[in-house]
Every structure is written in structure tokens, then in C-alpha cells.
Amino acid sequence: MEDEKKCTAKVYEQGRWGSFHPHRCRYRVWEEYPKDGYCKIHHPITKELREKKSWEKAEARREKDPWVLLAKAQQTIRKLEAELEALRPIPQKR
Ligand SMILES: [Zn+2]
């Protein structure tokens, strides 16, 4: 059976009329993990790796977000203000 050596993942490709037709993946099973029945692209290990990478990318984008930076700056300011308050030689009476 030739089919046994192929990836068991279902692939959804966009058809001519904008509909999605699921079909079996055409790639052969990844030789390093032949028992799992997935090609290198659809194997959970590489999938997880890809997801992790895209997550890291999203995280890196988030780090540059002005609102996030602003929130961080405000946190730093609050922390410094608290430190400053603690450093005041004469306690102020209100
Ligand atoms: Zn596949």
C-alpha cells in the first residue's frame, strides 16, 4: 500500500470557487518519525515549533506596541515615585 507512506494530515486548499476542499496531504511521511504518519510539515513537533515561533513574533510585536510601552513606562514611574517617597529624609505631615 503506497498510501501508508504518505502523510495522514488533511489539507484544506482553496478551490476555484472559493470553497475549501479537504484532501490528503501529498507529502511522504517524515523518515525520522515514520510511525506517526505525518510528513515533516504536518508533524505535531514542527507544528508546535511553528506555533511557538509565530507566538514569539506576536510577542515581539506586542513589545513594540506604544500602549504597552506606555504602560511599562508608567509602571516604572510609579516604582521610582515610591522609591523617591521612601528616600525622603523628612517625613511629611499632612
Ligand atoms: Zn503532511
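Everything that follows concerns the structure shown earlier in this document.
A brief structural summary. Keep in mind that this is a model prediction, so the values were computed, not measured.

**Concerning the overall build of the protein**
Helix and strand counts for the protein come out as two helices and two strands. Overall, the protein shows an N-to-C arrangement of helices and strands of β-β-α-α. Relative to its length of 94 residues, the protein is extended, with a C-alpha radius of gyration of 27 Å against a globular reference of 12 Å. Seen through its principal axes, the protein has C-alpha atoms that stretch 85 × 35 × 20 Å. Each of the 94 residues in the protein was classed as buried or not, and the buried ones make up 4%. Of all intrachain contacts in the protein linking residues separated by at least 6 positions in sequence, the fraction that spans at least 24 positions is 19%.

**Some remarks on the pairing of strand 2 (residues 20–24)**
Where burial is concerned, little of strand 2 is hidden: zero out of the five residues are buried. Bridge analysis of strand 1 (residues 10–14) against strand 2 gives five bridges, and the strand direction is antiparallel. Directly across from Val11, in strand 2, lies its bridge partner His23. Between the end of strand 1 and the start of strand 2, which pair antiparallel, lie five residues, with Gly18 showing a positive phi angle near 80 degrees.

**Considering helix 2 (residues 66–87)**
Here helix 2 contains 22 residues, and its C-alpha end-to-end distance of 31 Å stays within 8% of the 32 Å for a straight helix at 1.5 Å per residue. Buried residues are scarce in helix 2, accounting for zero of its 22 residues.

**As for helix 1 (residues 44–63)**
When the terminal C-alpha atoms of helix 1 are compared, their 28 Å separation across 20 residues agrees well with the 28 Å that a helix rising 1.5 Å per residue should span. Taking burial as the measure, the 20 residues of helix 1 include zero buried ones, a minor fraction of the element.

**Remarks on the environment of Tyr38**
Position of Tyr38 relative to the elements: it lies in the loop between strand 2 and helix 1. As a C-alpha pair, Tyr38 and Lys6 span 32 residues in sequence and 7.3 Å in three-dimensional space. Once residues lying within four places of it in the same chain are set aside, the contact partners of Tyr38 are Cys7, Thr8, Ala9, Val29, Trp30 and His43.

**So, the environment of Lys5**
With respect to the helices and strands, the residue Lys5 is situated in the segment before strand 1. Note on Lys5: 11 C-beta atoms within 10 Å, which makes it exposed. Not counting residues within four places of it along the chain, the set of residues in contact with Lys5 comprises Arg28 and Val29.

Rules of the game
Residue positions within a chain follow its written sequence, with the count starting from 1. This being a predicted model, a pLDDT of at least 70 is required before a residue's local features are given, and a value of 80 or more before pairs of side-chain atoms are given or counted; all residues contribute to the totals for chains, interfaces and linings. Strands are runs of DSSP state E lasting at least two residues, helices are runs of H or I lasting at least four, and both sets are numbered from the N terminus onward. The quantity called the radius of gyration is restricted to C-alpha atoms. Its globule counterpart is 2.2 Å times the number of residues to the power 0.38. We call a residue exposed when 12 or fewer other C-beta atoms sit within 10 Å of its C-beta, buried when the count reaches 20 or more, and partly exposed for counts in between; the C-beta positions come from the backbone. For the purpose of contact definition, each residue receives a C-beta atom placed from its backbone, and two residues are in contact when these atoms lie within 7 Å. Here, any two strands with at least 2 DSSP bridges between them count as paired. How far a helix is expected to stretch is found by multiplying one less than its residue total by 1.5 Å.

Just distances and angles here, no functional claims.
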